[in-house]
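# Structural features, examined
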Amino acid sequence: MLVSPSLLSCDFTNIERDVARLEAAGADMLHLDVMDGHFVPNLTFGFALVSQLRKKTSLVFDTHLMIENVECFIPQFAEAGSGYITVHFEADRHLYRTLELIKSLGSKAGVALNPATPVSMLDEVYGLVDMILVMSVEPGFAGQSFIPSSLAKIAAIRAEIDKRKRPVILQVDGGINGKSAPLAAKAGADALVSGSYIFDGPIEEKIKLLQAL
Ligand code: DX5
Ligand code: ZN
């Protein structure tokens with residue numbers, strides 16, 4: 001299991017220290033939650049922070065854009081060193097163009113689905129994406145409870161990915177903890193995002209527990 005700790009739960013006055021801790025603990029990626037106050041009712045940070053962090057760690061940046069007008073900002077997030085850029089199906093009217101743009105800039109392209117968005121919306125993009133992100137909470141805040149109906153969505157997407165035999169990472173984000181993580185793993189997740197559970201500590205132990213699933 002790949003583990004992508006979410007920086008949303010870090011101590012923002014000690015970001016560099018917390019990123020170093022995650023890297024030393026063996027995290028596979030670093031999940032960067034970018035929120036704009038429009039698509040989701042919260043604000044976080046932008047590409048300036050991402051690009052400064054790029055100089056502090058060699059972790060792969062897994063940038064989760066919860067923003068509108070994604071096309072305007074993708075070049076900056078790619079330039080800032082995002083290995084993966086994931087956009088929301090619900091926030092983008094021209095998903096095909098967006099995914100092509102991300103790939104043309106050298107990043108891997110991901111698409112995220114909100115809890116109420118059906119998996120059939122992915123039918124036209126399985127051939128284009130490198131990552132599919134199933135939101136198991138409504139995006140916007142850390143520390144929410146895992147929505148159980150996400151499990152059926154994970155299993156359905158797993159089956160579609162396996163049928164197509166293309167390398168696509170199936171990532172699950174929201175409410176991941178010691179109870180929900182094994183269920184998401186069993187349903188077919190390849191990667192888990194976790195914020196509050198990992199940062200509750202001990203960080204290394206939590207990351208290893210998730211990786212072992
Ligand atoms: C929610 C974010 C998540 C969140 C996860 O909108 O996309 O990445 O930070 O936090 P936990 O693991 O606490 O649900
Ligand atoms: Zn996220």
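One can find the structure itself at the top, above this paragraph.
Just so we're clear, the structure is a prediction, and the values are computed from it rather than from any experiment.

Scoring rules and cut-offs
The residue numbers shown here count from 1 along each chain, following its written sequence. Here the convention is simple: chains get letters from A, ligands get numbers from 1, in the order in which they are written. Confidence filtering applies because this is a predicted model: local features only for residues at pLDDT of at least 70, side-chain atom pairs given and counted only at 80 or more, and all residues used for totals across whole chains, interfaces and linings. The side-chain values count all of the structure's non-hydrogen atoms but skip hydrogen atoms and water molecules. We call a residue near a given molecule or strand whenever any one of its heavy atoms falls within 4 Å of it. Under the rule applied, a polar contact is a pair of N or O atoms within 3.5 Å (in protein, one hydrogen donor and one hydrogen acceptor; residues adjacent in sequence only if both atoms are side-chain atoms). Note on areas: Shrake-Rupley, 1.4 Å probe, and residue coverage restricted to the protein chains presented here. Numbering of helices and strands runs from the N terminus; a helix is a DSSP stretch of H or I covering at least four residues, while a strand is a stretch of E covering at least two. Accessibility here uses a 1.4 Å probe with only protein chains present; expressed as a share of the type maximum, an area under 20% marks a residue as buried, one over 50% as exposed, and anything in between as partly exposed. In this context, the arc is that of the directions from the helix axis out to the C-beta atoms. Among the buried residues, those of types Ala, Val, Leu, Ile, Met, Phe, Trp, Tyr and Cys that are joined through side-chain atoms within 4.5 Å form a nonpolar core. Should any heavy atoms of two residues lie within 4.5 Å, those residues are considered in contact. Any N, O or S atom lying within 2.8 Å of the metal counts as a donor, with the limit raised to 3.2 Å for Na, K and Ca; because water is left out of the atom set, some sites can appear incomplete. Here the metal geometry follows the donor angles, with tetrahedral for four donors whose angles all fall between 85 and 135 degrees, square planar for four and octahedral for six when opposite donors are more than 155 degrees apart and every other angle is between 65 and 115, and irregular for all the rest.

Asp33, Gly140, Asp173, Gly195 and Ser196 are the nearest of the 20 residues found near ligand 1. Note that an oxygen atom of ligand 1 is positioned 3.2 Å from one of the side-chain N or O atoms of serine 6. Glycine 140 is positioned with one of its backbone polar atoms (N or O) 2.6 Å from an oxygen atom of ligand 1. Burial of ligand 1 by the surrounding chains reaches 100%, relative to a free accessible area of 380 Å². Where the shell around ligand 1 is concerned, the elements lending two or more residues are strand 2 (29–35), strand 3 (60–66) and strand 8 (191–194).

With that settled, consider helix 1 (residues 15–24). Those residues of helix 1 not exposed but buried are Ile15, Asp18, Val19 and Leu22. All buried residues of helix 1 lie within an arc of 100 degrees about the axis, which places them on one face of the element. Just downstream of helix 1 lies glycine 26, where phi reads positive at about 90 degrees.

Ranked by internal contacts, the top residues of the largest apolar core, which has 57 residues, are Leu7, Leu22, Leu65 and Ile132. Sort the elements by how many residues they give to this core and helix 3 (residues 70–79) lands first, with four residues. Those residues in contact with leucine 7 that lie beyond four places of it in its chain are Phe12, Ile15, Val19, Leu22, Leu30, His31, Leu32 and Leu53. Of all hydrophobic cores here, the second largest spans six residues; its members include Leu8, Met35, Phe39 and Ala91.

Looking now at the coordination of the zinc ion (ligand 2). Each protein donor to the zinc ion (ligand 2) is listed here as His31 (NE2), Asp33 (OD), His64 (ND1) and Asp173 (OD); together their distances run 2.1 to 2.3 Å. Considering all six donor atoms around the zinc ion (ligand 2), the spread of angles at the metal, 70 to 169 degrees, places the coordination shape in the octahedral class. Donor residues binding the zinc ion (ligand 2) come from one chain and are separated in sequence as H-x1-D-x30-H-x108-D. Of this pair, aspartate 33 sits in strand 2 while histidine 64 sits in strand 3, placing them 31 residues apart in sequence. Assigned by exposure class, aspartate 33 and histidine 64 land together as buried.

Glancing now at the side chain of aspartate 18. You can see aspartate 18 is positioned in helix 1. What aspartate 18 contacts, discounting residues up to four positions off in sequence, is Cys10, Asp11 and Phe199.

Worth remembering: the numbers are spatial, not functional.
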